[in-house]
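Descriptive analysis of the structure
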Amino acid sequence: MTALALRAATAVRAPAGPGPGEDDPALLAYFTDLLAPFGQKPDQDLYRGGAHLHHRDLVDLLLAADEAVAAARPDLAIVAHALPDLAPFTATAPYLTARLGGRATNFALTEQGLAAPFTALRIAAAYQEAGRAAEVAVAVLEQTTLPTPYPLTPLVDSAALLVLRADAGPGPRFAGAHSADHAGPALAARLDGPDADGTLLVLGPHVTNNIPDHPAVHRAEPGSYCTGVWLELARHWQDWQHAHRRVVLCDTDPRTGRTHLAVFADGEE
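Everything numeric in this text was worked out from a predicted model, so none of it was measured. (Residues numbered from 1 in each chain as written. Predicted model: local features only at pLDDT ≥ 70, side-chain atom pairs only at ≥ 80, totals over all residues. Heavy atoms only, no water.)

1. What to know about empty space enclosed by the protein
The final tally for this structure, using the stated rule, is 2 cavities of 30 Å³ or more. As a volume, the largest cavity reaches approximately 130 Å³. What lines the largest cavity is Glu22, Asp23, Asp24, Leu27, Leu28, Phe31, Pro42, Asp43, Gln44, Tyr47, Arg48 and Pro147. At the level of elements, helix H1 (25-35) and helix H2 (44-48) are the ones that each hand at least two residues to the lining of the largest cavity. In terms of residue class, the lining of the largest cavity is made up of 6 nonpolar, 1 polar and 5 charged. By volume, the second largest cavity amounts to about 80 Å³. The wall of the second largest cavity is formed by 13 residues, among which Pro172, Trp240, Gln241, His244 and Val247 lie closest to the centre. Elements supplying a minimum of two residues to the lining of the second largest cavity: helix H8 (228-243), strand S9 (246-252) and strand S10 (259-266). The element best represented in the lining of the second largest cavity is H8, accounting for 4 residues. (1 Å grid on protein atoms, 1.4 Å probe; cavity = no way out; pocket = protein on both sides within 12 Å on 5 of 7 lines; lining within 4 Å. Points joined across faces, edges and corners; volume = space filled by probe spheres on them. Helix = DSSP H or I, 4+ residues; strand = E, 2+ residues; numbered from the N terminus. Nonpolar A, V, L, I, M, F, W, Y, C, P; charged D, E, K, R; others polar.)

Written out as structure tokens, the structure reads:
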């Protein structure tokens, strides 16, 4: 069966936002009620000083950055994020769908930390294998205007959008996503085989320990939680498909210690 192949992608990092926000009494009351059970209060100065970019703003920036991405007409649209939107109770997946033709089944994946994009790809592959999606859009969004300090700071706003299609032809095909307790053994297992010499390891900013020696390693820059390796894939996939037979994306969630990997290969694995 034909696997989903990456056909377009784009990324934005640290885009300019509208700047310091004004006080919203209703939003401040919401954050106050949300944090009170944990003995915390909103940090109004921190919140006012953020970029104030909504998830929808990040979607708009992604679609404006690449014509091929904006022309996609997916059957399935998934929004994955680890941090909440700027304002609560917003629905970004339907907005993404409306911008991309309006026909896609759509939903968001949250509360998984940086595992969310990896889960999104597994779900996309299952939809495709079931004959329910021939084209998929996966948006990985991270806005960083928060009402309390986050343990992973400093973070910057960033986002990536991948368009995958179940069609023939050359190019990186999604070959699976996995999780593991430790990055070192998981990566070593991906390098134990005939494709090792043609494999590029793309490591997220949180992968720090027991990395196998390998001649082809690309590191994501710091400043992201869940978007790091996806920003790199969106920026470089066209160059990588000519230089490498296989790309292994890997990041470790600093909140849980779990490592997550996704494999793209020239042909199905």
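Following the structure, the description resumes.
2. Focus on the layout of surface pockets
In this structure, the largest pocket encloses a volume near 940 Å³. Those elements that provide at least two residues to the lining of the largest pocket are H1, strand S2 (76-81) and helix H5 (92-99). The element that contributes the greatest number of residues to the lining of the largest pocket is H1, accounting for 4 residues. Counted by class, the lining of the largest pocket contains 23 nonpolar, 12 polar and 4 charged residues.

3. Thoughts on helix H3 (residues 55-65)
Of all the positions in H3, only His55, Leu58, Val59, Leu62 and Leu63 are classed as buried. Projected down its long axis, H3 carries its buried residues within an arc of 130°, all on one side. Summarising the contacts, the buried residues of H3 are in contact with strand S1 (5-13), helix H4 (67-70), S2, H5, strand S4 (135-142) and strand S5 (158-165). (Buried < 20%, exposed > 50% of the residue type's maximum accessible area, 1.4 Å probe, protein only. Arc of directions from axis to C-beta. Contact = heavy atoms within 4.5 Å.)

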